[in-house]
Amino acid sequence: MTYETILVENPAPGVGLIRFNRPQALNALNGQMTGEAFSAMETFDADPSIGCIVLTGSDRAFAAGADIKQMEDTDVIKMMSGSDFTDWSRMVRVRKPIIAAVSGWALGGGCELAMMCDMIVASETAKFGQPEVKIGIMPGAGGTQRLTHAVGKAIAMEVMLGDRNLTAQEALQYGLVNRVYPVENYLDETIKLAGKVAGMPQVAVRLIKETVNKAYEFGLSQALDYEKRNFYLLFGTEDKAEGMKAFIEKRAPQWKNR
Ligand code: CAA
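Source: prediction; values computed, not measured.

Colleague: Please explain the packing of aromatic side chains as it appears in this structure.
Modeller: The description of an aromatic ring pair uses the distance of the two centres, along with the angle that the planes make with each other. The full count for this structure, using the stated rule, is six aromatic pairs. Taken together, a centroid distance of 5.6 Å and an interplanar angle of 80° make the contact between Phe-218 and Tyr-226 edge-to-face. Taking the centre distance of 5.2 Å and the plane angle of 80° together, the rings of Phe-231 and Phe-235 count as edge-to-face. The exposure class of Phe-231 is partly exposed, given its relative accessible area of 45%. An aromatic cluster is defined as three or more aromatic residues linked by ring pairs; in this entry it consists of Phe-38, Phe-85 and Trp-88. Across from the ring centre of Trp-105, 4.7 Å away, lies the NZ or CZ of Lys-127, which sits over that ring.

Colleague: In this structure, what is going on with the nonpolar core? I would like to understand it.
Modeller: For soluble globular proteins, the rule of thumb is that nonpolar side chains tend to be buried together. Formed by 46 residues in total, the largest nonpolar core has its most connected members in Phe-20, Phe-62 and Phe-128. Here this core gets six residues from one element, more than from any other, and that element is helix α1 (residues 31-46). Leu-17, Ile-99, Val-197 and Val-205 belong to the second-largest nonpolar core, a separate cluster that totals 16 residues.

Colleague: What is the right way to look at the packing of helix α6 (residues 143-151) against helix α7 (residues 153-162) in this model?
Modeller: Two elements in contact, α6 and α7, have axes whose closest approach is 7 Å; the angle formed by their N-to-C orientations is 135°. As far as their axial angle goes, α7 and α6 are oblique. In this structure, the crossing between α6 and α7 has a hand that is right-handed. When α6 is examined against α7, the residues Gly-143, Thr-144, Leu-147, Thr-148 and Val-151 are found in contact with a partner set consisting of Lys-153, Ile-155, Ala-156, Val-159 and Met-160. Residues that form the contact of α6 with α7 fall into these classes: six nonpolar, three polar and one charged.

Colleague: Where do I start with the domain arrangement of the chain in this structure?
Modeller: In many analyses, interface size is given as the accessible surface area lost on bringing the parts together. Examined at the domain level, the chain breaks down into domain 1 (6-198) and domain 2 (202-248). Taking the mean C-alpha position of each, domain 1 and domain 2 sit 27 Å from one another. At the interface, ten residues of domain 1 touch six residues of domain 2. Summed over both sides, the interface of domain 1 with domain 2 buries roughly 670 Å², with 49% coming from carbon and sulfur. Together, Arg-95, Asp-118 and His-149 form the three largest contributors to the area buried by domain 1 at its contact with domain 2, with a combined 56%. Scanning the region where domain 1 abuts domain 2 turns up one salt bridge. One salt bridge in this structure joins Lys-209 and Asp-118, with 2.9 Å as the shortest N-O distance. Linking domain 1 with domain 2 are five residue pairs in polar contact (both at pLDDT 80 or more). Taken together, the residues that form the side of domain 1 that touches domain 2 break down as five nonpolar, two polar and three charged.

Colleague: What am I meant to see in the site of the ligand here?
Modeller: Of all residues adjacent to the ligand, which total 23 residues, the nearest are Ala-66, Ile-68, Gly-109, Glu-112 and Glu-132. Within the contact set of the ligand, a nitrogen atom lies 3.0 Å away from a backbone nitrogen or oxygen of Ala-64. With respect to the ligand, the side chain of Glu-132 contributes an N or O atom lying 2.7 Å from an oxygen atom. Against a free-state accessible area of 980 Å², the protein chains account for coverage of 65% of the ligand. Elements with a minimum of two residues in the shell around the ligand: α2 (68-71), β6 (105-107) and α5 (109-116).

Colleague: Please clarify how the environment of Val-197 should be interpreted in this entry.
Modeller: Positionally, Val-197 belongs in helix α9 (residues 186-198). Residue classification places Val-197 among the buried residues on the basis of a relative accessible area of 15%. Each C-alpha atom, one on Val-197 and one on Asn-21, is 25 Å from the other, the two residues being 176 residues apart in sequence. Residue contacts for Val-197: discarding those within four places in its chain leaves Cys-52, Pro-97, Met-119, Gln-202 and Val-205.

Colleague: I tried to follow helix α10 (residues 202-213) on my own but got confused; where do I start?
Modeller: One turn of the α-helix equals 3.6 residues, which is why residues spaced by three or four share an orientation. Compared with the 16 Å implied by 1.5 Å per residue over twelve residues, the 17 Å span of α10 between its first and last C-alpha is a close match. Residues of α10 that are buried include every one of Gln-202, Ala-204, Val-205, Leu-207, Lys-209 and Thr-211, and no others.

What counts, and where the lines are drawn
- Residues numbered from 1 in each chain as written.
- Predicted model: local features only at pLDDT ≥ 70, side-chain atom pairs only at ≥ 80, totals over all residues.
- Heavy atoms only, no water.
- Phe/Tyr/Trp six-rings, centres within 6.5 Å; stacked < 30°, edge-to-face > 60°.
- Buried < 20%, exposed > 50% of the residue type's maximum accessible area, 1.4 Å probe, protein only.
- Lys NZ or Arg CZ within 6 Å of the ring centre and 35° of its normal.
- Core = buried A, V, L, I, M, F, W, Y, C linked by side-chain atoms within 4.5 Å.
- Helix = DSSP H or I, 4+ residues; strand = E, 2+ residues; numbered from the N terminus.
- Axes fitted to C-alpha atoms, helices over the stretch in contact; angles between N-to-C directions.
- Parallel < 35°, antiparallel > 145°, perpendicular 65-115°, else oblique.
- Left-handed = near helix turned anticlockwise from the far one by under 90°.
- Contact = heavy atoms within 4.5 Å.
- Nonpolar A, V, L, I, M, F, W, Y, C, P; charged D, E, K, R; others polar.
- Domains from an automatic or database assignment.
- Buried area = accessible area lost by both parts, 1.4 Å probe.
- Salt bridge = Lys/Arg side-chain N within 4 Å of Asp/Glu carboxyl O.
- Polar contact = N/O pair within 3.5 Å; in protein donor to acceptor, adjacent residues only side chain to side chain.
- Near = heavy atom within 4 Å.
- Areas by Shrake-Rupley, 256 points an atom, 1.4 Å probe, with all protein chains shown as cover.
- Expected span 1.5 Å × (residues − 1).

Here's what the structure looks like:
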């Protein structure tokens, strides 16, 4: 498939990399670019040689938000009858882990897309914010919920109402991001992390992602039931047999991903 607004690579075995490529607009998220990114994610998701996806932008901007120039002439009727934002739920259906490698601006929809990933690795220059209030709207792609879950109500309110951006170190302190690296190597470190995830048995990886995400949807007892079922399910896989045998024989496991 050919893309015009994203770049797609395989930088390491098992790793699929998607890079936003509208540098002139600080990777502002127009419908074409998000649509292409979601298609690339779905392609990697269906590719058995890929075990983990990395989503990144440029060193200056992961993404400076939804494209304001595209939204300017949009009204409530057009939004309600199906907008580019409806498409964003495609990302939630990707079963393989997605890691965001964020440098520079991650604002509005950019911050929301990063938070839709399973982990975030940041460069020291990363800035996370939800400044929609300054243009008369509010976060509309999960920011009010995912940021609040990640950093708590007090900080989330300040970010969304007071237009305070979080630095990479603050985001690390509040638990929004996993790791922070210098801008020179944040992407390489993300690819290394993705390579490690891709080297794990993929059926277990898929069920872990699915089950952790239930912490945001289910109550505790329902989520624990769900966990138990998936735990039992893994006892039916060849990788469970191999993983335990390899441990006992003190050798590296050979995963079959089934
Ligand atoms: N949409 C469209 N274009 C954007 C953009 C956006 N979100 N962000 C930046 N750009 C464009 C600028 O218009 C500019 O283009 P031109 O050269 O053609 O004028 C180019 O990118 C470079 O931007 P700046 O000159 O503004 O760069 P800067 O370094 O001075 O400032 C910035 C950087 C602080 C990120 C500033 O660009 C900015 O505030 N951008 C808007 C951030 C924002 O409000 N994001 C939220 C959008 S709404 C949303 O995301 C809704 C949702 O929840 C889904």
